[in-house]
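# Summary of the model geometry
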Amino acid sequence: MVYCVLMNENVLNQIFDAINKAKKILIVSHVNPDGDTLGTMCALKLYLKDKADTLIQTSAQAGIPDTYGFLPGINSSKYLDTVQNIYDLVIAVDVASIDRIVQNARVIFDSARMTINIDHHKTNNGYGKLNWVVGNASSAGEVLYDIFKAKNVPVSKEMAECLYVSILTDTGCFRYENTSPKTLEIAAELIRLGANNADLAKKCYNNKPKNMILFQSAVVSKTKFLFNNKVAIAAITQEDYKKFDAKNEYTEGIAETLRTIKSVEISAVLKENDNGDTKVSLRSDNVDVCEIVKRFNGGGHIHAAGCTIRKPLKIATELLVDEIEKCLNS
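The structure contained in this document is the topic of the report that follows.

Criteria and cut-off values
- The residue count restarts for each chain, going from 1 along the sequence in the order it is written.
- Selection of residues for local features in this predicted model requires a pLDDT of at least 70, selection of side-chain atom pairs for listing and counting requires 80 or more, and totals for whole chains, interfaces and linings are taken over all residues.
- Here the side-chain values reflect all heavy atoms present in the structure, with hydrogen atoms and water set aside.
- Take a side-chain nitrogen of Lys or Arg and a carboxyl oxygen of Asp or Glu: if they are within 4 Å of each other, that pair is a salt bridge.
- The helix and strand labels rest on DSSP assignments: H or I over at least four residues marks a helix, E over at least two residues marks a strand, and numbering proceeds from the N terminus.
- Relative accessible area decides the class of each residue, using a 1.4 Å probe on protein chains only: under 20% of the type maximum gives buried, over 50% gives exposed, and in between gives partly exposed.
- Ring pairs are drawn from Phe, Tyr and Trp, using the six-membered ring of Trp, whenever the two centres fall within 6.5 Å, and their geometry is named by plane angle: stacked under 30 degrees, edge-to-face over 60, tilted for the rest.
- A ring is considered to have a charge above it if a Lys NZ or an Arg CZ atom is located within 6 Å of its centre and within 35 degrees of its normal.
- Paired strands, as defined in this entry, are two strands with at least two bridges between them according to DSSP.
- Between the first and last residue of a helix there are one fewer steps than residues, each counted as 1.5 Å, and that sum is the expected span.
- By definition, the arc is the one covered by directions from the helix axis to the C-beta atoms.
- Contacts: residue pairs with any heavy atoms within 4.5 Å of one another.
- Fitted lines through C-alpha atoms give the axes, limited to the stretch in contact for helices. The angle between two N-to-C directions lies from 0 to 180 degrees.
- Residues scored as charged are limited to Lys and Arg (positive) and Asp and Glu (negative), so that His and the chain ends carry no count.
- Pairs of N or O atoms are called polar contacts if they sit within 3.5 Å, as long as, within protein, a hydrogen donor faces a hydrogen acceptor (for residues adjacent in sequence, only side-chain-to-side-chain pairs).

### Some thoughts on the pattern of salt bridges
Any two side chains of opposite charge can pair, given that their charged atoms come close. Here the structure, examined in full by the defined rule, presents 18 salt bridges. Arg-192 is paired through a salt bridge with Glu-189; the nearest N and O atoms lie 3.0 Å apart. In this pair, Arg-192 and Glu-189 are both assigned in helix 6 (residues 181-192), three residues apart and thus about one turn of the helix distant. Judged by relative accessible area, which is 61%, Arg-192 ranks as exposed. Close ionic contact of Asp-199 with Lys-203 constitutes a salt bridge, the shortest N to O distance being 3.1 Å.

Next comes the structure, spelled out in structure tokens:
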């Protein structure tokens, strides 16, 4: 296994050598895909063309997340229940840990002759045979842009659009502290290459279905505030999803909304999975929430992290609150 946290020409050459030798490549998003993983996936697909397929880790019934259906090349993607094990190279993008590759995709990843891991999560332990993990990058899109630049890969207008969406969404419209001067310089270059920043922002943030807004409003309205309003906890049940005919992607942005409340230091969204487990997303401006989710084998960034607690929603909430209290009192 080769693990990289800084630019290393030898590792980069090995990555491109593996790509050139591969006959059939699969590019994998993380489960519950967001703008970063999908934008990076599509940009890489546009570069690799017909040699590569893309896999969105949802079912064919769930389909492409509504918000990102405009991304160039995304409509040809495979799904967990339609992908076949025919690939000799698998590239995971923005996948923080191996357990974020599930079901059929995990079988394909494990049996591939070569695997490449391109990511920006500091908690990534280098699970691929070749790893390019840059923990101080804003997004996987920024990491991929640097890879393209280092190898003089021409970035087309469509590739620029995909990379811009990746960076835009993972920086919260350039509001989060992961937005560095370099991030803004890359964004400016992508605009020069043809990415329409205003149009892409509108498509990502001002194009939501009515039932998504109603669903999010209902979830926010039943939020519980703990520890003198320092912690906001929103719990989403399967009944909530059914009531509003909501997709899993409709939860995106709720934790960020709760974090904007003046008194809130930690916001948490807990989602009841249909298998009885509980998915947790944490956000904070000042607290290292990655340390909290590590107790449940989770990971992510200092101020944005997540995990899955293998317990029902009520018990998972109690366990999480206990860990949050310890963190606040430490």
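Text resumes after the structure shown.
### Points about the environment of Lys-149
Within the fold, Lys-149 resides in helix 4 (residues 140-150). On the accessibility criterion, Lys-149 (57% relative accessible area) is exposed. Remark: the alpha-carbon pair of Lys-149 and Phe-70, spanning 79 residues in sequence, is separated by 25 Å.

### A few points about unusual backbone geometry
Notably, Asn-32 is not glycine yet its phi reads approximately 55 degrees, a positive angle. Here Asn-32 lies in the loop between strand 1 (25-28) and helix 2 (35-48). Phi angles above zero are rare outside glycine, and Asn-228 is one such case at about 60 degrees. Topologically, Asn-228 is positioned in the loop between strand 7 (224-226) and strand 8 (231-236).

### Considerations on the packing of aromatic side chains
Working definition: an aromatic ring pair is given by the centre-to-centre distance plus the angle between the planes. Applying the stated rule across the entire model yields six aromatic pairs. An aromatic cluster is built from Phe-16, Tyr-47 and Phe-148, whose rings are joined through pairwise contacts. One residue, Lys-151, lies across the ring of Phe-16, its end atom 5.5 Å from the ring centre. Lying over the aromatic face of Tyr-176, Arg-259 brings its terminal NZ or CZ to 4.8 Å of the ring centre.

### Topic: the pairing of strand 12 (residues 304-309)
Direction of pairing for strand 10 (residues 278-284) relative to strand 12: antiparallel, over a ladder of six bridges. Bridging from a neighbouring strand, Thr-278 pairs with Ile-309 of strand 12. Two elements, strand 11 (residues 299-300) and strand 12, share two bridges in a ladder whose sense is antiparallel. When the bridges of strand 12 are listed, Gly-299 appears paired with Gly-306. Hairpin geometry of strand 11 and strand 12 is characterised by an intervening segment of three residues between the two adjacent antiparallel strands.

### With respect to helix 1 (residues 9-21)
Helix length check: helix 1, at 13 residues, gives a terminal C-alpha distance of 18 Å against a target of 18 Å (1.5 Å per residue), a fit within 8%. For helix 1, the full list of buried residues reads Val-11, Leu-12, Ile-15, Phe-16, Ala-18 and Ile-19. Relative to the axis of helix 1, the buried residues are bounded by an arc of 155 degrees and lie together on one face. Among the exposed residues of helix 1, those oriented more than 90 degrees off its buried face are Glu-9, Asn-20 and Lys-21. Lining the buried residues of helix 1 we find strand 1, helix 2, strand 4 (89-93), strand 5 (114-119), strand 6 (130-133) and helix 4.

### Thoughts on the sheet that holds strand 4
The six strands lie next to each other as 3-2-1-4-5-6, forming an open sheet whose pairing is parallel. Each having just a single partner strand, strand 3 (78-79) and strand 6 make up the two edges of the open sheet. Each of strand 1, strand 4, strand 5 and strand 6 touches helix 1; the most contacted strand, strand 6, lies at about 125 degrees to it.

### A few points about the side chain of Lys-45
Secondary-structure assignment places Lys-45 in helix 2. Although Lys-45 is buried, it makes no salt bridge; Asp-53 carries the closest opposite charge, 4.6 Å away. Of the polar contacts made by the side chain of Lys-45, one reaches the backbone oxygen of Ala-52; its length is 2.6 Å. Excluding its chain neighbours within four sequence positions, the residues that come into contact with Lys-45 are Ile-27, Asp-50, Ala-52, Thr-54 and Ser-76.

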